[in-house]
Amino acid sequence: MAPEITMPARRSLRAYAYDPLRADLEGTTTTVSVPYEPVGLGPAGSLIKVVDYDPVREVWYAPVDLDDPLVLAQDGLMPSEADPRSHQQMVYAVATSLLEHFEAALGRRFRFTRGPMEILPHAFYEDNAYYDPESRRVLFGYFRADRKHPGAMLPGQMVFTCLSHDVVAHELTHAIVDRLRPHLNDETNLDVAAFHEAFADLMALFHHFTLPDLVRRELARTRGDLSTAAPLVEFARQFGEASAIGSALRSGIDRPDPDALARTSECHDRGAILVGAVFGAFITTYEIRIADLIRIATSGTGELPRGHLHPDLVARIADEAVANAKRFMTICVRAFDYMPVLDLTFGDFLRAMVTADRTLFPDDKARVRAVLVESFRQRGIYPENVASLAEGNLTWPQVDHRERLPQVDAMIRWTAEDSDLSTRANRLTSRQNDRLLAIRRAELPRVARSIQRLISGAPVKFGFHPNTRRFPISIQRFHASFRPNQDGQSRADIVVDALQKRPDLMARAELDGTGIEVWAGTTIVADALGRIRHVITKPLARDANHPFRGVGGDRFANICELVETADAMDLTRAWTNAPDRITRAYSFAVLHRGRRGGAR
Amino acid sequence: MTVRRVRTRMYNVGFGDAFLLCLDQDGGTWRMLIDCGVHNSGHSTNQLSSVVNAIIADATDSGAAPRIDVVVATHRHLDHVSGFEYVQWDTVSVGEVWMPFTENPTDDLGRSIKEEQARKAERLHKHLKRLAARRGAAARSARAAVTVLENNLTNAAAMARLHGGFAAPAAKRRYFPNPSIEPTTFQLPGLPEVTVHMLGPVRDRAVIASMDPTGDHWVRQLEHQMQSGSSDDLFAGAFSIGPDALRQLSPDLYLTQAERAELEVDNNVDAMAAAASIEKAANNTSLVFVLDIGGTKLLFPGDAQWGLWEAIMADTKNEQILTDTRLYKVGHHGSPNGTHKRYVTDLMGTNVTSLMSFHPVSQWKSIPSPNLVDALSQTTRTLVRSDKQPPQAHVKWQGSLVAEYTLTL
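On a predicted model such as this, the values are computed, not experimentally measured, just so you know.

Side note on the environment of Ser62(B)
Residue and element names in this part refer to chain B.
Working step 1: With respect to the secondary-structure elements, Ser-62 resides in the loop between helix H1 (48-58) and strand E4 (67-72).
Working step 2: We classify Ser-62 as exposed; its relative accessible area is 77%.
Working step 3: Taking the C-alpha atoms as reference, Ser-62 lies 30 Å from Thr-353; in sequence the two are 291 residues apart.

What follows is the structure, given as structure tokens:
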């Protein structure tokens, strides 16, 4: 018998470049390249499972078979609004591609909590889409374009949010963030929900740059001026036009205003300020990166002549744009391991990005971090309790604990095992995967217990209340990541999240029924030897002698104030007596729906 | 002539407002009626028509025809105006009728806001009634929303009387704010020593419509759904597949009955949020005013809610006006966001009596807000509520029909 044919490394799938509107206007379809994995009908892969049930019409749509030879032979089905199977294919393609880039930035394999994430491309009738953290599904709506102001569409034309690259990437990012930082669902300050929105928009925007053909095309058209390359820097054009907003839903390009943050509380609007800060830095660093190429192309003048750019020049500057987007996506994603477990602020995010990046690249030769910090400053985003915006002050302080983090070797082994399963194909096909996870599940409690013992032995040092009998400490997540650093060596980061619930404070503030819980939380970052480098904590320290006194201000008082304000504004409160009134009001569904009402 | 005492009569209509302000002078009594109506879902034991008769009797000096100097309709909600539908009013002569600018037929902005609110309320009401007739959770929430929404339907007879009725000669109609004609600070007609500070509403669509985009969105969404219909197919029939065929083809993709039901819940719009948003929008057209009688200040905020209160409190000029109020008509029947917290904690002072017109409604458990009730009755503050008749200083009850609070100047 002839030897088996090796599995392909990649699978190509055709998709709308941005959304069907741009495809109509500009003829832009593209091909998304995703890691090859055998997929079931759906498509159902290792991380994504598309379930095409339409609850409005109570209809199932036939699932696409991506491994059908006819489909394989033509790089997936041709994108079509009229064929639900091409919708299923597009959702799978964009989601899988985003996850691949996410994993690369994260430095370890990513899994959802309970098997693959279920996605419903036609889940309801509304100009909306959302991730539901309770059922852990991503749901996409469809709706008719506005009859009076349909933009470039037919009045009343059906618009599918699952065909928007941006909307798919945005919603999937919500699902990923929920997995990485579940306690960021606790809306304990205005920045938390805004961060969710901003981060999801940023991932969607940077994901545009994973499609080099589109980047080249746009940079040729705009003569290298990225900030005017609308399709690349705008978010969800068709969605916006169909909802009579008359433009893209949002944009990465903003006008920096240092006072805007203080007067903005709606989470998408507030998030837009963070998007502007990160994306502004991305544009500035791109311009720095291509300056030499422009000089070479213009005999040193830097002044581009009229007319088209040389295609070779376009290709080179497009490479820079793509590489820069990858760099920024990486900075944003890596920040996760250096973020507080809960009660995140924009300032914390900046500090996490700077610390994570500086750990790997102390030099900042390309001045990426300097530009980033300046971009935040221009938008009035300042971390609390830092002496200045100098990098040394922005990075989380180094700690010098005598104690070593236990069980580091187990965590390193798990990540190494995962990384060795070099393709998705291996990961999925083998029952190995299940076996591996079963073994790991048996190991987990032991590891958690020993970490918990360490922290419970010195709770105050880690930002917790000393009475750990009354308020036990729970270890939520712990893992190792490998990342290449400046001198090409792989560096391991061990990250542990620990939490302590405070029912006494909740009772005192009558928070029962609001859905808001009061927790102290700490992220511990250690090296491969278990030496603890950072203790990033959100304490509830009210005692003057507490080492973390002052970190994040009086968080408990802030939470009480937030509940009070939310109650004052909640117009249904007089008429209903629903449980979890605060968190319900802030849930993803409502947030996304809220945006649509608040957009105009 | 000087005002010697102020008698504020709070009629126990139920969940609604009817206040008769009597300013006693040596030569007689000057009267202002602020609202007269009850919510469909919150009647007290008193019939509204008997309340109306009592008001008219109280507004009649011996040997004279009934006379009210100023009638104020703070906003057009039924729980504030429904009592004006009774024909007895045709015997009452009225000097002036004050209404918000949204009632002014020659005010383009006001009229468009009012018409938009009325149109939305009617459309939603029709849609929710249909939903309410079905079974299940969605119908239940629609029914709850209908009780809130009904308050927004126009009572044509009552509004017609406010605009063109009462005994001849015709009362003067005044609309606030009306920057070209009406100053925000002015003297009471016939009582130059009493200054009126008209603080609200504000001529700002954003403040009135909604400070909360979520609620507004629900309204839009409901309208959207009404238009769309779900009968037409999304894709050609050949693309759909039966559940059994799907289970056979790929059992992994099948969703159980329970899972499908869960997804349908996601398709239900929040009827209460939509109704509440409409309710609040009209509340935020409320006249909000302070009567300053030689330094003694009485505040009548109508049903102003979060957005309007916020706008009033944001104007630093108003702080002085609101400082040390002697009488406070509790906003929006004591609901959690009908009174601005900072007004209570920082401005109203300690020597204040609050009158809360209210009736318990079982499904509206947050009204009145316990925190507000505590704050308004702590230490030297007094709270008089229309649903309870304990003996209180300076308060005289006539059965359970009316509480009269007397302020001697």
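So that's the structure; there's more coming.
Brief notes about the packing of aromatic side chains
Residue and element names in this part refer to chain A.
Working step 1: For the structure shown, the criterion picks out 33 aromatic pairs over all chains.
Working step 2: The interplanar angle of 85 degrees and the centroid separation of 6.4 Å between the aromatic rings of Phe-102 and Phe-199 together place this pair among those described as edge-to-face. Taken together, the residues span a long stretch of sequence, with Phe-102 in helix H3 (residues 84-106) and Phe-199 in helix H5 (residues 190-208) at a distance of 97 residues.
Working step 3: The class of Phe-102 is buried, set by a relative accessible area of 1%.
Working step 4: Residue classification places Phe-199 among the buried residues on the basis of a relative accessible area of 1%.
Working step 5: Arranged with centres 6.3 Å apart and planes meeting at 45 degrees, the rings of Tyr-142 and Phe-160 form a pair that is tilted. One end of the pair, Tyr-142, is in strand E8 (residues 137-144); the other, Phe-160, is in strand E9 (residues 158-160), and 18 residues separate them in sequence. Taken individually, Tyr-142 and Phe-160 each receive the classification buried, so the pair is uniform in this respect.
Working step 6: Members of the aromatic cluster, joined through ring pairs, are Phe-102, Phe-110, Phe-112, Phe-195, Phe-199, Phe-336 and Phe-349.

What to know about the sheet that holds strand E5 (residues 93-100) of chain B
All names here are of chain B.
Working step 1: Judged by pairing direction, the sheet is mixed, and its eight strands sit side by side in the order E6-E5-E4-E3-E2-E1-E16-E15 without closing on themselves. For this open sheet the edge positions go to strand E6 (172-176) and strand E15 (395-398), each flanked by a neighbour on one side alone. The average undirected angle you get between the axes of adjacent strands in this sheet is 20 degrees.
Working step 2: On top of the sheet, helix H5 (residues 156-164) reaches E4, E5 and E6; it is set at about 105 degrees to E6, its chief contact.

A closer look at the pattern of salt bridges
Working step 1: Following the criterion strictly, the structure yields 56 salt bridges over all chains and no others.
Working step 2: With its nearest N and O atoms 3.5 Å apart, the salt bridge here joins Glu259(B) to Arg137(A). Of the two residues, Glu259(B) sits in helix H9 (residues 257-266) while Arg137(A) sits in strand E8, which places them in two different chains.
Working step 3: Residue class for Glu259(B) comes out partly exposed when judged on its relative accessible area of 25%.
Working step 4: Judged by its relative accessible area of 5%, Arg137(A) falls in the buried class.
Working step 5: Arg446(A) is paired through a salt bridge with Glu443(A); the nearest N and O atoms lie 3.7 Å apart. Residue Arg446(A) and its partner Glu443(A) are located together in helix H16 (residues 432-457), separated by three residues, close to a single helical turn.
Working step 6: On the basis of relative accessible area, Arg446(A) is assigned to the partly exposed category, the value being 39%.
Working step 7: Residue classification places Glu443(A) among the buried positions, given a relative accessible area of 11%.

Looking at the pairing of strand E10 (residues 288-293) of chain B
All names here are of chain B.
Working step 1: Taken across its six residues, E10 has six buried, putting it largely inside the fold.
Working step 2: Going residue by residue along E10, you find Val-288, Val-290 and Asp-292 tucked away on one face and Phe-289, Leu-291 and Ile-293 tucked away on the opposite face as well.
Working step 3: As paired elements, strand E8 (residues 191-200) and E10 share six bridges and run antiparallel to each other. Among the inter-strand pairings, Val-196 is bridged to a residue of E10, identified as Leu-291.
Working step 4: Inspection of the sheet shows E10 paired to strand E11 (residues 296-300) by five bridges, in the antiparallel sense. Residue pairing for E11: Ile-293 is matched across the bridge by Thr-296.
Working step 5: Taking the residues that link successive antiparallel strands as the turn, the E10-E11 hairpin has two residues, and the phi of Gly-294 there is positive, at about 55 degrees.

Quick notes on the nonpolar core
Working step 1: Ranked by size, the top nonpolar core spans 135 residues in total, and within it Ile48(A), Phe195(A), Phe199(A), Phe206(A), Val278(A), Phe349(A) and Met353(A) carry the most contacts.
Working step 2: Per-element accounting of this core gives the leading share, 14 residues, to helix H9 (residues 267-297) of chain A.
Working step 3: Once residues within four sequence positions are removed from consideration, Phe199(A) is found in contact with Phe102(A), Thr173(A), Val177(A), Cys332(A), Val333(A), Phe336(A) and Phe349(A).
Working step 4: Leu131(B), Tyr343(B), Phe358(B) and Ile367(B) belong to the second-largest nonpolar core, a separate cluster that totals 45 residues.

Here we look at the confidence of the model for chain B
Working step 1: Averaged over chain B, the pLDDT score is 89; the fraction of residues at 70 or greater is 92%.
Working step 2: Across the predicted assembly, pTM comes out at 0.81 and ipTM at 0.82.

Here we look at the confidence of the model for chain A
Working step 1: Of the residues in chain A, 89% reach a pLDDT of 70 or more, and the chain-wide mean stands at 86.
Working step 2: A low-confidence stretch, residues 587-600 of chain A (pLDDT under 50), is modelled with 53 contacts involving residues beyond four sequence positions or located in other chains.

A few points about the side chain of Thr359(A)
Residues and elements named next belong to chain A.
Working step 1: Take Thr-359: it is sitting in helix H11 (residues 346-360).
Working step 2: Separated by 2.5 Å, the side chain of Thr-359 and the backbone oxygen of Thr-355 make a polar contact.
Working step 3: Among residues more than four places away in sequence, those in contact with Thr-359 are Tyr-338, Arg-491 and Arg-533.

So, how was this worked out
- Residues numbered from 1 in each chain as written.
- Chains lettered and ligands numbered in written order.
- Predicted model: local features only at pLDDT ≥ 70, side-chain atom pairs only at ≥ 80, totals over all residues.
- Heavy atoms only, no water.
- Helix = DSSP H or I, 4+ residues; strand = E, 2+ residues; numbered from the N terminus.
- Buried < 20%, exposed > 50% of the residue type's maximum accessible area, 1.4 Å probe, protein only.
- Phe/Tyr/Trp six-rings, centres within 6.5 Å; stacked < 30°, edge-to-face > 60°.
- Pairing = 2+ DSSP bridges.
- Axes fitted to C-alpha atoms, helices over the stretch in contact; angles between N-to-C directions.
- Contact = heavy atoms within 4.5 Å.
- Salt bridge = Lys/Arg side-chain N within 4 Å of Asp/Glu carboxyl O.
- Core = buried A, V, L, I, M, F, W, Y, C linked by side-chain atoms within 4.5 Å.
- pLDDT = per-residue confidence, 0-100.
- Polar contact = N/O pair within 3.5 Å; in protein donor to acceptor, adjacent residues only side chain to side chain.

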